[in-house]
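Structural description and commentary
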Amino acid sequence: MSPVDLLDLDSSLSEEERQIRAVVRQVVDDRVRPYVAGWYESGQVPARELAREFGKLGLLGMHLTGYGCAGSSAVAYGLACLELEAGDSGVRSLVSVQGSLAMYAVWRYGSEEQKQHWLPAMAAGEAIGCFGLTEPDHGSDPASMATRARRDGDDWVLTGSKMWITNAPIAEVGVVWARTDDGVRGFVVPMDTSGVTAREIGRKMSLRASVTGEIALDDVRLPADALLPGAIGLKAPLSCLTEARHGIVWGALGAARDCLETALAYATTRTQFGRPLAGFQLTQAKLADLAVEWNKGYLLAVQLGRLADAGRLRPAQVSVGKLNNVREALAIARQCRTILGANGVSGDYPVMRHANNLESVLTYEGTSEIHQLVIGQQLTGISAFT
Ligand SMILES: Cc1cc2nc3c(=O)[nH]c(=O)nc-3n(C[C@H](O)[C@H](O)[C@H](O)COP(=O)(O)OP(=O)(O)OC[C@H]3O[C@@H](n4cnc5c(N)ncnc54)[C@H](O)[C@@H]3O)c2cc1C
């Protein structure tokens with residue numbers, strides 16, 4: 001049990017959930033922790049190797065059923081996200097984008113042929129997927145997207161660009177959202193289709209152990225069966241985001257736990273003024289407040305996970321979790337950084353890396369402000385988005 005789990009929240013987990021968590025914790029200890037500082041520094045991550053390894057363990061699309069997916073509970077999936085993000089938010093992003101965005105879109109809205117063709121390969125980590133919604137000029141407001149898909153005979157022709165797309169430069173397939181005469185529709189786009197180019201975005205100061213790219217769509221001709229038949233309107237991509245946000249509610253707790261455990265270990269061994277840092281009341285006040293916030297975040301995640309497993313989780317509830325847990329995880333990471341003093345800014349410790357990563361997590365899948373507006377609308381019945 002982690003020393004941070006003050007409330008024995010682990011006891012609320014089933015045996016199976018604990019076992020899945022232990023397996024993911026082990027793979028993170030073996031395959032991520034020893035290397036991630038180097039990946040972060042170089043900006044190079046062996047995403048394909050990791051995807052295959054995660055695929056073997058059933059972590060890709062693990063909460064989906066059929067087509068080679070594990071069919072785990074939402075809580076088990078959340079715990080996997082937590083353990084992955086205790087390693088690095090970028091590594092968790094690889095799994096989230098694959099399973100909750102790209103695979104989920106095909107699983108929920110795809111034709112039987114699309115599912116048969118893509119899902120088993122994606123579950124195995126043999127095909128990497130990406131999810132293209134954000135554009136250079138349209139982020140929080142995807143309804144105003146400029147990417148267009150027009151019919152040409154039986155074919156579709158896509159034109160436009162997508163920005164900040166996780167996995168795009170290494171993906172075999174993209175789920176791309178575009179405006180049509182009938183509103184927003186989703187397309188399954190093999191990334192080697194003529195007219196598709198994916199350029200890696202450099203100079204990221206955050207999520208450096210994750211590949212992020214820009215997709216240019218230059219008169220990309222697709223057959224009629226590239227359309228996701230069930231995805232009609234913006235609510236389709238938004239439903240995928242709700243899936244992924246649930247993983248983030250848990251994942252952010254992983255990054256925060258790693259920071260807290262690091263700060264605790266550091267504070268008990270580092271001595272100043274003749275006593276360990278942990279012996280100072282001011283340090284204990286910090287640690288106590290941070291651990292209380294972490295436990296509140298865990299309670300929130302368990303409640304949302306149980307609602308998801310009961311089929312009753314609503315988007316505004318996920319917004320409560322995403323807003324709170326990422327905001328608090330970032331506050332925890334920043335405060336833990338102070339406990340490590342100068343070592344807190346060193347890549348030899350994971351804390352600053354987590355803090356920097358959480359800046360991206362705060363922004364993607366809906367910024368804090370957007371989740372405040374979702375919750376505000378739920379409370380008041382008034383939309384304040386525009
Ligand atoms: C590392 C990384 C990976 C990503 N991966 C993906 C991906 O795989 N697929 C994908 O589609 N996207 C991805 N994104 C994009 C991400 O989802 C967007 O960055 C996010 O939605 C915000 O859009 P924006 O950056 O254009 O900011 P903007 O929408 O321009 O917002 C800028 C600021 O204005 C605020 N703001 C905007 N509207 C309002 C309003 N109505 N009221 C109050 N404040 C407002 C925002 O909260 C924010 O603080 C990724 C981003 C990052 C950083």
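Basis of the calculations
- Residues numbered from 1 in each chain as written.
- Predicted model: local features only at pLDDT ≥ 70, side-chain atom pairs only at ≥ 80, totals over all residues.
- Heavy atoms only, no water.
- Bend = angle between axes of the 7 residues up to and from the residue.
- Helix = DSSP H or I, 4+ residues; strand = E, 2+ residues; numbered from the N terminus.
- Buried < 20%, exposed > 50% of the residue type's maximum accessible area, 1.4 Å probe, protein only.
- Polar contact = N/O pair within 3.5 Å; in protein donor to acceptor, adjacent residues only side chain to side chain.
- Near = heavy atom within 4 Å.
- Areas by Shrake-Rupley, 256 points an atom, 1.4 Å probe, with all protein chains shown as cover.
- Nonpolar A, V, L, I, M, F, W, Y, C, P; charged D, E, K, R; others polar.
- Domains from an automatic or database assignment.
- UniProt positions renumbered as here; feature names shortened; annotations may be inferred.
- Axes fitted to C-alpha atoms, helices over the stretch in contact; angles between N-to-C directions.
- Parallel < 35°, antiparallel > 145°, perpendicular 65-115°, else oblique.
- Contact = heavy atoms within 4.5 Å.
- Expected span 1.5 Å × (residues − 1).
- Salt bridge = Lys/Arg side-chain N within 4 Å of Asp/Glu carboxyl O.
- Pairing = 2+ DSSP bridges.
- Patch = residues over 30% accessible without salt bridge, like charges linked within 9 Å, V, L, I, M, F, W, Y side chains within 5 Å.
- Disulfide = S-S within 2.5 Å.
- Core = buried A, V, L, I, M, F, W, Y, C linked by side-chain atoms within 4.5 Å.
- Buried area = accessible area lost by both parts, 1.4 Å probe.

In helix H5 (residues 89–109), a bend of some 40° at Met 103 exceeds every other bend along the element. With 19 of 21 residues buried, H5 is to be regarded as a mostly interior element. Its side-chain oxygen at 2.7 Å from the backbone nitrogen of Gly 90, Asp 88 defines the N-terminal cap of H5.

The next subject is the site of the ligand. What surrounds the ligand is a group of 17 residues, the closest being Thr 134, Ser 140, Trp 164, Thr 367 and Glu 369. Between the ligand and the protein, one listed contact pairs an oxygen atom with a side-chain N or O atom of Ser 140 at 2.6 Å. For the ligand, a nitrogen atom lies 2.8 Å from a polar atom in the backbone of Trp 164. Coverage of the ligand by the protein amounts to 68% of the 970 Å² it exposes when considered alone. At the level of secondary structure, the elements contributing two or more residues to the shell around the ligand comprise strand S5 (155–166), helix H10 (351–363) and helix H11 (368–380). Here the element with the most residues in the shell around the ligand is S5; it accounts for three residues. Its residues placed into classes, the shell around the ligand shows eight nonpolar, seven polar and two charged. Two domains share the shell around the ligand, each providing at least three of its residues, namely domain 2 (129–233) and domain 3 (235–380).

UniProt records the feature "domain: Acyl-CoA dehydrogenase/oxidase C-terminal" (unreviewed entry) for residues 233–379 in the present numbering. What you have in residues 233–379 is 78% helix and 3% strand, and the ends, taken at the C-alpha atoms, are 25 Å apart.

Between helix H4 (residues 74–87) and H5, whose axes approach to 7 Å, the crossing angle comes to 150°. The orientation of H4 with respect to H5, classified from their angle, is roughly antiparallel. In contact with Tyr 77, Cys 81, Leu 84 and Glu 85 of H4, H5 contributes Ser 89, Val 91, Arg 92, Val 95, Ser 96 and Ser 100.

Before going further, it helps to spend a moment on helix H9 (residues 315–339). Along its 25 residues, H9 runs 36 Å from first to last C-alpha, staying within 8% of the 36 Å computed at 1.5 Å per residue. The first or second residue beyond H9 is Gly 341, which carries a positive phi of 55°.

Right, let's get into the pattern of salt bridges. Counting across every chain of the model gives 21 salt bridges. When the shortest N-O distance is used, the salt bridge between Arg 353 and Asp 88 registers 2.7 Å. Residue Arg 353 is located in helix H10, and its partner Asp 88 is located in the loop between H4 and H5; the two are separated by 265 residues in the primary sequence. By the burial criterion, Arg 353 is buried, and Asp 88 matches it. A network of salt bridges, in which partner residues are shared, links Arg 25, Glu 83, Arg 257 and Glu 261.

As a further point, take the pairing of strand S6 (residues 173–180). With respect to burial, S6 is a largely interior element, seven of its eight residues being buried. Inspection of the sheet shows strand S3 (residues 129–132) paired to S6 by four bridges, in the parallel sense. Paired with Cys 130 across the two strands is Gly 174, which belongs to S6. As defined by bridge partners, S6 adjoins strand S7 (residues 183–190) across eight bridges and the pair is classed as antiparallel.

This brings us to a nonpolar patch on the surface. Residues Leu 6, Leu 7, Val 292 and Leu 299 make up a contiguous nonpolar surface patch of about 370 Å² in total accessible area. Tracing the chain through its elements places Leu 6 in the segment before helix H1 (15–31). Taking relative accessible area as the criterion, Leu 6 reaches 54% and is therefore assigned exposed.

This part is about the side chain of Arg 92. Position of Arg 92 among the secondary structure elements: in helix H5. Among residues more than four places away in sequence, those in contact with Arg 92 are Cys 81, Leu 84, Glu 85, Ile 248, Gly 251, Val 361 and Tyr 364.

Here the structure, examined in full by the defined rule, presents zero disulfides. Free cysteine Cys 81: the closest other cysteine sulfur is in Cys 69, separated by 14 Å.

As a rule of thumb, nonpolar side chains are buried together in soluble globular proteins. Membership of the largest hydrophobic core comes to 96 residues, with the highest contact counts inside it found for Phe 54, Trp 177, Trp 250 and Tyr 298. By residue number, the principal contributor to this core is helix H7 (residues 235–269), which donates 16 residues. Residues Ile 128, Trp 156, Ala 178 and Val 189 belong to the second largest nonpolar core, which totals 21 residues.

Time to look at the domain arrangement of the protein. Examined at the domain level, the protein breaks down into domain 1 (9–124), domain 2 (129–233) and domain 3 (235–380). Using C-alpha coordinates to define each centre, domain 1 is positioned 20 Å away from domain 3. Contacts between domain 1 and domain 3 engage 35 residues on the former and 35 residues on the latter. The junction of domain 1 with domain 3 conceals about 2700 Å² of combined surface from both sides, 58% of it contributed by carbon and sulfur atoms. The largest per-residue losses of area from domain 1 upon contact with domain 3 belong to Leu 9, Tyr 40 and Leu 82, which jointly make up 22% of the total buried on that side. One can count four salt bridges joining domain 1 with domain 3. Among the secondary structure elements, those contributing two or more residues to the side of domain 1 that touches domain 3 are H1, helix H2 (36–42), H4 and H5. In terms of residues, the side of domain 1 that touches domain 3 owes the most to one element, H4, which gives eleven residues. Looking at the side of domain 1 that touches domain 3, its residues break down into 16 nonpolar, nine polar and ten charged.

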